[in-house]
Every structure is written in C-alpha cells, then in structure tokens.
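# Fold and geometry: a report
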Amino acid sequence: MRFSYLGPRGTFTHMALMQISSDEGGHIPAIDVPAALRMVRNEETDFAVVPIENSVEGGVNATIDSLSNGSGLRIVAEMLVPITFVLASRGPMDLSEVKRISTHPHAWAQCQNWIASNLDDAIHVPGTSTAGSAKAMADGAMNFDAVLCNPLSAEQYGLTVIAEGVADNPDAVTRFICAGREGTALPERTGSDKTTLQVQLPSDEAGALLAMLEQFATRGVNLSRIESRPVGDSLGRYQFSIDCEGHVEDERVQAVLIGLHRTSPHVKFLGSYPSAKQVPVKLRPGTADQDFVAARDWVSNLLGK
Ligand SMILES: O=C(O)C(=O)C[C@]1(C(=O)O)C=C[C@@H](O)C=C1
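About the thresholds
- Counting restarts for each chain: residues are numbered from 1 in the order of the written sequence.
- Only residues with pLDDT of at least 70 are given local features in this predicted model, and only at 80 or more are side-chain atom pairs given and counted; all residues enter the totals for whole chains, interfaces and linings.
- By convention in this description, side-chain values take in all heavy atoms of the structure and omit both hydrogens and water.
- Strand pairing follows a simple DSSP-based rule, namely that at least 2 bridges must link the two strands.
- A run of H or I in DSSP becomes a helix once it reaches four residues, and a run of E becomes a strand once it reaches two; helices and strands are each numbered from the N terminus.
- Interaxial angles span 0 to 180 degrees and are taken between N-to-C directions of axes, which are lines fitted to C-alpha atoms, for helices over the stretch in contact.
- Any pair of residues with heavy atoms lying within 4.5 Å of one another is described as a contacting pair.
- Definitions used for this entry: grid spacing 1 Å over protein atoms alone; cavity, a set of points where a 1.4 Å probe fits but cannot get out; pocket, an open set with protein on both sides within 12 Å along at least 5 of 7 lines; lining residue, one with an atom within 4 Å of a point.
- Grid points are joined across faces, edges and corners, and a volume is the space filled by probe spheres set on the points.
- Put simply, Ala, Val, Leu, Ile, Met, Phe, Trp, Tyr, Cys and Pro go in the nonpolar bin, Asp, Glu, Lys and Arg in the charged bin, and everything else, Gly too, in the polar bin.
- Throughout, the term roughly parallel applies to angles under 35 degrees, roughly antiparallel to angles over 145, roughly perpendicular to angles from 65 to 115, and oblique to all others.
- By definition, turning the near helix anticlockwise from the far helix through less than a right angle yields a left-handed crossing, and turning it clockwise yields a right-handed one.
- Patch rule: a residue counts if its relative accessible area is over 30% and it has no salt bridge; like charges are joined within 9 Å, and nonpolar side chains (Val, Leu, Ile, Met, Phe, Trp, Tyr) within 5 Å.
- Only the protein chains shown count as cover for residues, with accessible areas throughout obtained via the Shrake-Rupley method and a probe of 1.4 Å.
- A carboxyl oxygen of Asp or Glu within 4 Å of a side-chain nitrogen of Lys or Arg is what we treat as a salt bridge.
- UniProt positions are given in the numbering used here, feature names are shortened, and annotations may be inferred rather than shown by experiment.
- Boundary definitions for the domains trace back to an automatic or database domain assignment.
- If a single non-hydrogen atom of a residue is within 4 Å of a molecule or strand, that residue counts as near it.
- N or O atoms within 3.5 Å of each other form a polar contact, as long as, within protein, one can give a hydrogen and the other can take it, and as long as residues adjacent in sequence are counted only when both atoms are side-chain atoms.
- Placement in a cavity or pocket follows one criterion, namely that more than half of the molecule's atoms lie within 2 Å of its grid points.

Moving on, we come to the sheet that holds strand S8 (residues 123-126). Judged by pairing direction, the sheet is mixed, and its 5 strands sit side by side in the order S8-S7-S9-S6-S10 without closing on themselves. Only two strands of the sheet have a single neighbouring strand rather than two, namely S8 and strand S10 (160-163). Between one strand axis and the next, the sheet turns by 40° as a mean value, whatever way the strands run. As paired strands, strand S7 (residues 100-103) and strand S9 (residues 146-149) are joined by 2 bridges and run parallel to one another. Counted as the bridge partner of Ile101 is Ala146 from S9. Strands in contact with helix H6 (residues 130-138) are strand S6 (86-89), S7 and S9; relative to S9, the strand with the most contacts, it is inclined by about 150°.

Right under this line is the structure:
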C-alpha cells in the first residue's frame, strides 16, 4: 500500500500516518496538501493522509478545497494527533536573538500568544510544513533563525530545542483524514461513524441555509463540523463542507442524503468512516434504522403493497 502525505518525514501528518501504517517504505512525502491528494488521483499512491481540522485554528482550507475540486475522492479513516510545539535552532541560542521563525502557517497561528509574550518582534517566514522548516534549517537555510516544529522532528533533523511548550493551548489536537479514490470500498459501519459531505445552496433563496440544516435536524443527525467555502465563480456563492455523525448505511443518514439531493443543486459524498473517538452515537427517539423501516412498511400497507 502506498501513502502520500504532507511531508517531509517528521510532520504531524507523518505522525498521523504512522497510526495506520508503520511500513515507511510505502510513505511518499508531498510538498503540500493538493500534491498529496493529486498523487492519489493520478494513481501514484493508493491513499493520502492530510490535515483537515485543528482544535485551535479550525479548518484546513487547502484540504477542504482540494477535496472538492477535481475527481472524486473517498475518505476512509480519520486520526487525531495531540499538537505540541518546540522552538528549535541550529545550536544553543538566546531567545532575544530570534528574529525570524519559519514554520507552517497553521503552526504559527497556534503559537501567536506565546510569540507575542516572548518574542514580540519576531516575524514569520512561511514553511511548507513544520518538518519542512526543520529540514530546511538542517540543510543550511539562512533566511530564518529558528523553527516551530514538533519535538520529534527537532530531534530527527539534529536541531537544538531552545524553548518547549510553545503552543498557546497545551490541549490542541489536529484531525487528519486518509483518502483514497472514489471507488475505494466503504469502511464497515461501527456505530460510531462520521460522514463527510460537500453541499451547495441554491442561490438567492431566503432561508436556504436553514432549510439545508433542517435536513439533518429533523432526522436527529448531529453535525461535528461545518465550514463555508466560496464556490469561486462569483461573489456571494458558497458551498459547505460538513461532517455529520453516522454512516451512509444508517437509515437516518440516507434520509438526509435523499433530502439534500432533492433540495441542493450539488451534493458530493466524500465518505463514511469510523470516528477516531469511537463514542457510540446517541440516537434521538424515532431515528433508529428500525423506526425508518417500520415507517416505510406502514406506508406500503396503506398502499396495499
Ligand atoms: O506542518 C505539519 O507538521 C503538518 O502536518 C501540518 C499541520 C496543519 O496543517 O495544521 C498539522 C498539524 C498542526 O496543526 C500544524 C501543521
């Protein structure tokens, strides 16, 4: 099995990938998220592992947009990684000497308060990833003095940690997904699953967003993430990237999909997969599979079928 991922070796994304595959021979680093997903689309790899959401910084737009543009992909797994940052340099260094810090923009955003309190005149030098910055420093890059990366990649690239516990929120977590091509088999339902969708709203219709959300609410399907992203063709046109609780094999999720398909100009199904936390979904009365089956049987009886 070949996995592309946001590289190089030692990124948080690589840590997420190691949770599902320890065979490093099949790990192929990509320069950015679109490239990792493109490798799956071009059949250079079977799956891609990319970040989708961080508990502090929110959605990863590069992932949300790359999933919706281009040929279909199928999410088959999610992984959670606790995020801890260190400030690392080529050798011992006083914090007062650190003026330029390289890291991934998402990592920079998660350390804003610490930087403002400890190095308020330091500027950000954007890197392709946290480990990308660590590797560039080890390879001799001179356009920055230190990097923000995870402790593992500081060690891996032979850097010296000059400050630990740098993140603003010590409990930060990033969620990653593993995506294959559209034809990839659906993971079996576990009773604690998530489904990812992309839904466009009809233009210029009062209450269109409320009507879309009601498709979920009336079937007791809880949303765990909803993000609006521009469609891109003109101002004011948005689509929504949504994670909801449940598997496409659940009757209530199928009812939501049917409702969305009837009322939205465009719905994309991006996969159903086990939730990383494996907490069983709490069903609202009347929304279990047998309730939908009994209701359908009742209507069939009315029709004499
Ligand atoms: O740069 C990395 O190490 C990544 O894996 C990317 C990424 C992200 O895009 O959010 C992943 C986890 C952290 O939240 C910071 C950066």
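Anyway, onward from the coordinates.
Now for the layout of surface pockets. Of the volumes computed, that of the largest pocket is approximately 380 Å³. Forming the walls of the largest pocket are 18 residues, and the residues nearest its centre are Glu78, Leu80, Arg175, Lys194 and Lys277. Within the residue set of the lining of the largest pocket, elements represented by two or more residues are strand S3 (47-54), strand S5 (73-82), strand S11 (173-181) and strand S12 (193-200). In terms of residue count, S11 provides more of the lining of the largest pocket than any other element does, 3 residues in total. Of the residues in the lining of the largest pocket, the class split is 5 nonpolar, 6 polar and 7 charged.

For the pair helix H2 (residues 33-41) and helix H3 (residues 61-68), interaxial distance at closest approach is 9 Å and the crossing angle is 30°. Our classification of the angle between H2 and H3 gives roughly parallel. As for the relative orientation of H2 and H3, their crossing is right-handed in sense. Where H2 abuts H3, its residues Val33, Pro34, Leu37 and Arg41 lie against Ala62, Thr63, Ser66 and Leu67. Here the residues of the contact of H2 with H3 sort into 5 nonpolar, 2 polar and 1 charged.

To continue, consider a nonpolar patch on the surface. On the surface, Trp298, Val299, Leu302 and Leu303 cluster together into a nonpolar patch covering about 460 Å² of accessible area. Within the fold, Leu303 resides in the segment after helix H10 (289-302).

Turning to the UniProt feature "domain: Prephenate dehydratase" (unreviewed entry) in the chain, a few remarks are in order. The feature "domain: Prephenate dehydratase" (unreviewed entry), as given by UniProt, occupies residues 2-181 in the numbering adopted here. In residues 2-181, the share of helix is 29% and the share of strand is 32%. The end C-alpha atoms are 13 Å apart.

This part takes up the domain arrangement of the chain. Taken domain by domain, the chain consists of domain 1 (86-164) and domain 2 (186-305). Distance from the C-alpha centre of domain 1 to the C-alpha centre of domain 2: 42 Å.

This part takes up the site of the ligand. Lining the immediate environment of the ligand, one finds 14 residues, of which Phe12, Thr13, Gln110, Thr130 and Thr174 sit closest. At 2.9 Å from an oxygen atom of the ligand is found a main-chain nitrogen or oxygen belonging to Phe12. Between an oxygen atom of the ligand and a side-chain N or O atom of His106, the distance comes to 3.2 Å. Protein burial of the ligand: of its 360 Å² of free accessible surface, 100% is covered by the chains. Assessed atom by atom at 2 Å from the grid points, the ligand resides in the largest cavity. Elements supplying a minimum of two residues to the shell around the ligand: helix H1 (12-20), S3 and S11. Across the shell around the ligand, the residue classes tally to 5 nonpolar, 9 polar and no charged.

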